[in-house]
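# Notes for the structure review
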Amino acid sequence: MKNSEVQTLFVCGCCKRSLPASAFYINKKTGLPGNYCKECRKTVSRNHRKNEKRSLAYDRESNYPVITSTEDPTLRRELILHALETVAASIERKRRKVRESEFEYEPDAESPVRLSL
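Residues numbered from 1 in each chain as written. Predicted model: local features only at pLDDT ≥ 70, side-chain atom pairs only at ≥ 80, totals over all residues. Heavy atoms only, no water.

Within the protein, the secondary structure is distributed over two helices and four strands. Along the protein, helices (α) and strands (β) appear in the sequence β-β-β-β-α-α when read from the amino end. The buried share among the 117 residues of the protein stands at 8%. When contacts within the protein are restricted to residue pairs at least 6 apart in sequence, those whose partners lie at least 24 apart make up 10%. Carbon and sulfur atoms form 54% of the exposed surface of the protein, whose accessible area is close to 11,500 Å². (Helix = DSSP H or I, 4+ residues; strand = E, 2+ residues; numbered from the N terminus. Buried < 20%, exposed > 50% of the residue type's maximum accessible area, 1.4 Å probe, protein only. Contact = heavy atoms within 4.5 Å. Areas by Shrake-Rupley, 256 points an atom, 1.4 Å probe, with all protein chains shown as cover.)

Here it is as structure tokens:
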């Protein structure tokens, strides 16, 4: 007897064509083909990336004031001082953390050092 392979056809959710499983990307978790064929998936992905870049570049609003775009000199000064305080506090926290970690790993001078052979 000959082994005949039955080729299963799947319908693309985008273009509605019946295509073999090789025309679809296979989901690694389920082992099943995706809903869109490879051609449609590529087209949809390209359009999404193009639209996403456009929307990120032009439609993004910032939730915080930008120092360089602030016209009021007193507000700008306050923002700069606040930024400097925040950076100084962050640096101090990091230095304190480094000092504490060095203190924990420093061997005591009174305790003998043991070497295992």
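Now for the nonpolar core. Core analysis: the biggest nonpolar cluster contains six residues, these being Cys12, Leu19, Ala23, Phe24, Cys37 and Cys40. Leave out the neighbours within four places in its chain, and Leu19 touches Thr8, Leu9, Phe10, Phe24 and Cys37. (Core = buried A, V, L, I, M, F, W, Y, C linked by side-chain atoms within 4.5 Å.)

This structure, assessed with the given rule, holds two salt bridges. With a shortest N-O distance of 3.3 Å, Arg99 and Glu92 are connected by a salt bridge. Residue Arg99 is classed as partly exposed on the basis of its relative accessible area, which comes to 46%. (Salt bridge = Lys/Arg side-chain N within 4 Å of Asp/Glu carboxyl O.)

With that settled, consider unusual backbone geometry. Residues other than glycine seldom take positive phi values, yet Lys16 does so here, at roughly 65°. Summarising the element assignment, Lys16 is placed in the loop between strand S1 (9-11) and strand S2 (18-20). For Lys16, a relative accessible area of 59% gives the class exposed.

Moving on to a positive patch on the surface. Where like charges cluster on the molecular surface, the positive patch consists of Lys38, Lys42, Arg46, Arg49 and Lys53. For Arg49, the location among the structural elements is in helix H1 (residues 38-58). (Patch = residues over 30% accessible without salt bridge, like charges linked within 9 Å, V, L, I, M, F, W, Y side chains within 5 Å. Lys, Arg positive; Asp, Glu negative; His and termini not counted. Charge placed at Lys NZ, Arg CZ, Asp CG, Glu CD.)

Within the structure shown, the criterion is met by one aromatic pair. Seen from their ring centres, Phe10 and Phe24 are 6.1 Å apart, and the 75° between their planes marks the pair as edge-to-face. Taken together, the residues Phe10 in strand S1 and Phe24 in strand S3 (residues 24-26) connect sequence positions 14 residues apart. (Phe/Tyr/Trp six-rings, centres within 6.5 Å; stacked < 30°, edge-to-face > 60°.)

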